[in-house]
Amino acid sequence: MKKVDFNQVLNDYNEVLPKGVFLTTKAKGEVNTMTMGWGTAGFIWNQNILMAPVRKSRYTHQLIENSEFFTVSVPLNGQLKKELQFCGTKSGRDYNKVEELNLELGEVEECNVPIIKGNDLHFICKIKYQQDMVKENLAEDILENKYPDKDMHTFYYAEVAAVYQEE
Ligand SMILES: Cc1cc2nc3c(=O)[nH]c(=O)nc-3n(C[C@H](O)[C@H](O)[C@H](O)COP(=O)(O)O)c2cc1C
C-alpha cells in the first residue's frame, strides 16, 4: 500500500460512496464493518475531515462510541458487491461478518482498527467531533422520508490521518 493525498482521491470517493463503502470499527477487541452510503468529505479546522453518519440502531454505533478511530475502505472498481450487500443488511449483533465473509483485514500504523483488504482506497479516521441529529432542526420532508422511525444519525467527524491506495 502507498500513501496518497486526500484531495487527489476526493472525487473518486464521492463518486462511489452512494454505492457503498466499508465503515470498520473495533472496540474491546471486536472488529465489525458495515456498509455506508452517505457522508461528506471536506476541510474544517484546517484538517481534512471525513464525516460518517451512523444511525443509533446500528451495532457500529455501539462500537464507534468506544473507539477513537474508524477506517473506511472503498472499492472503486465494483468489487466486493456481495460483501457490501451482506454488511449493509446484516448486523454485527447477529453475525461475525469478518468470519462469515472471510474478509481479509490489514493492519495500519496509525491505529488498531483494521482496513478491509481488496478495496482500492483506505481512509484512516480519528474522531474529532460528534453530533446527534436534532430532529426539530431537520427539514420536514427529509424527516418524513428518511426517518420514519425517528432512528436518527449521529454524525462522526474525523480527521483523515492517512489515505492508503492498494497497489
Ligand atoms: C448501500 C447501503 C448504504 C448504507 N448506508 C448507511 C449509512 O450511511 N449509515 C447507516 O447508519 N447505515 C447505512 N446502511 C445500513 C447499514 O449498513 C446496515 O444497517 C448494517 O446492517 C448495520 O450493521 P451493524 O449493525 O453491524 O452496524 C447502508 C446500507 C446499504 C445497503
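Before any of the text, the structure's been laid out above.
Keep in mind it's a predicted model, so treat the numbers as computed, not measured.

*Asks:* It is not clear to me how the site of the ligand should be interpreted in this structure. Could you clarify?
*Replies:* Taken together, 20 residues form the shell around the ligand, and within it Thr35, Pro53, Thr60, Ser91 and Gly92 come nearest. Residue Trp38 places a main-chain N or O atom 3.4 Å away from an oxygen atom belonging to the ligand. Of all the secondary structure elements, the ones that give two or more residues to the shell around the ligand are β3 (30–36), β5 (47–55) and α2 (59–64). Tallying contributions element by element places β3 first for the shell around the ligand, with 4 residues. The residue inventory of the shell around the ligand, partitioned by class, reads 7 nonpolar, 9 polar and 4 charged.

*Asks:* Is there a simple way to explain the pairing of strand β6 (residues 69–74) in this structure?
*Replies:* Working note: regular strand, side chains alternate between the two faces of the sheet. Within β6, 6 of the 6 residues are buried, which leaves it mostly tucked inside the rest of the structure. Here β6 shows a buried face lined by Phe69, Thr71 and Ser73 and a second buried face lined by Phe70, Val72 and Val74. Here 3 bridges tie strand β2 (residues 21–27) to β6, and the two strands are oriented antiparallel to one another. By the bridge assignment for β6, Leu23 is matched with Val72.

*Asks:* I'm lost on a nonpolar patch on the surface in this one. Help?
*Replies:* Taken together, the side chains of Ile44, Trp45 and Tyr129 present a nonpolar region at the surface, about 290 Å² in accessible area. Tracing the chain through its elements places Ile44 in strand β4 (residues 40–44).

*Asks:* When you look at the packing of aromatic side chains in this model, what are you seeing that I'm missing?
*Replies:* To describe a pair of aromatic rings, you give the distance between the ring centres and the angle between the ring planes. Under the counting rule described, the total for this entry stands at 6 aromatic pairs. Aromatic pair Trp45 and Tyr129: ring centres 6.1 Å apart, planes at 70 degrees, arrangement edge-to-face. Of this pair, Trp45 sits in the loop between β4 and β5 while Tyr129 sits in strand β9 (residues 121–132), and the two are 84 residues apart along the sequence. Members of the aromatic cluster, each reached through a chain of ring pairs, are Phe6, Tyr13 and Phe123.

Cut-offs and rules
Residues numbered from 1 in each chain as written. Predicted model: local features only at pLDDT ≥ 70, side-chain atom pairs only at ≥ 80, totals over all residues. Heavy atoms only, no water. Near = heavy atom within 4 Å. Polar contact = N/O pair within 3.5 Å; in protein donor to acceptor, adjacent residues only side chain to side chain. Helix = DSSP H or I, 4+ residues; strand = E, 2+ residues; numbered from the N terminus. Nonpolar A, V, L, I, M, F, W, Y, C, P; charged D, E, K, R; others polar. Buried < 20%, exposed > 50% of the residue type's maximum accessible area, 1.4 Å probe, protein only. Pairing = 2+ DSSP bridges. Patch = residues over 30% accessible without salt bridge, like charges linked within 9 Å, V, L, I, M, F, W, Y side chains within 5 Å. Areas by Shrake-Rupley, 256 points an atom, 1.4 Å probe, with all protein chains shown as cover. Salt bridge = Lys/Arg side-chain N within 4 Å of Asp/Glu carboxyl O. Phe/Tyr/Trp six-rings, centres within 6.5 Å; stacked < 30°, edge-to-face > 60°.

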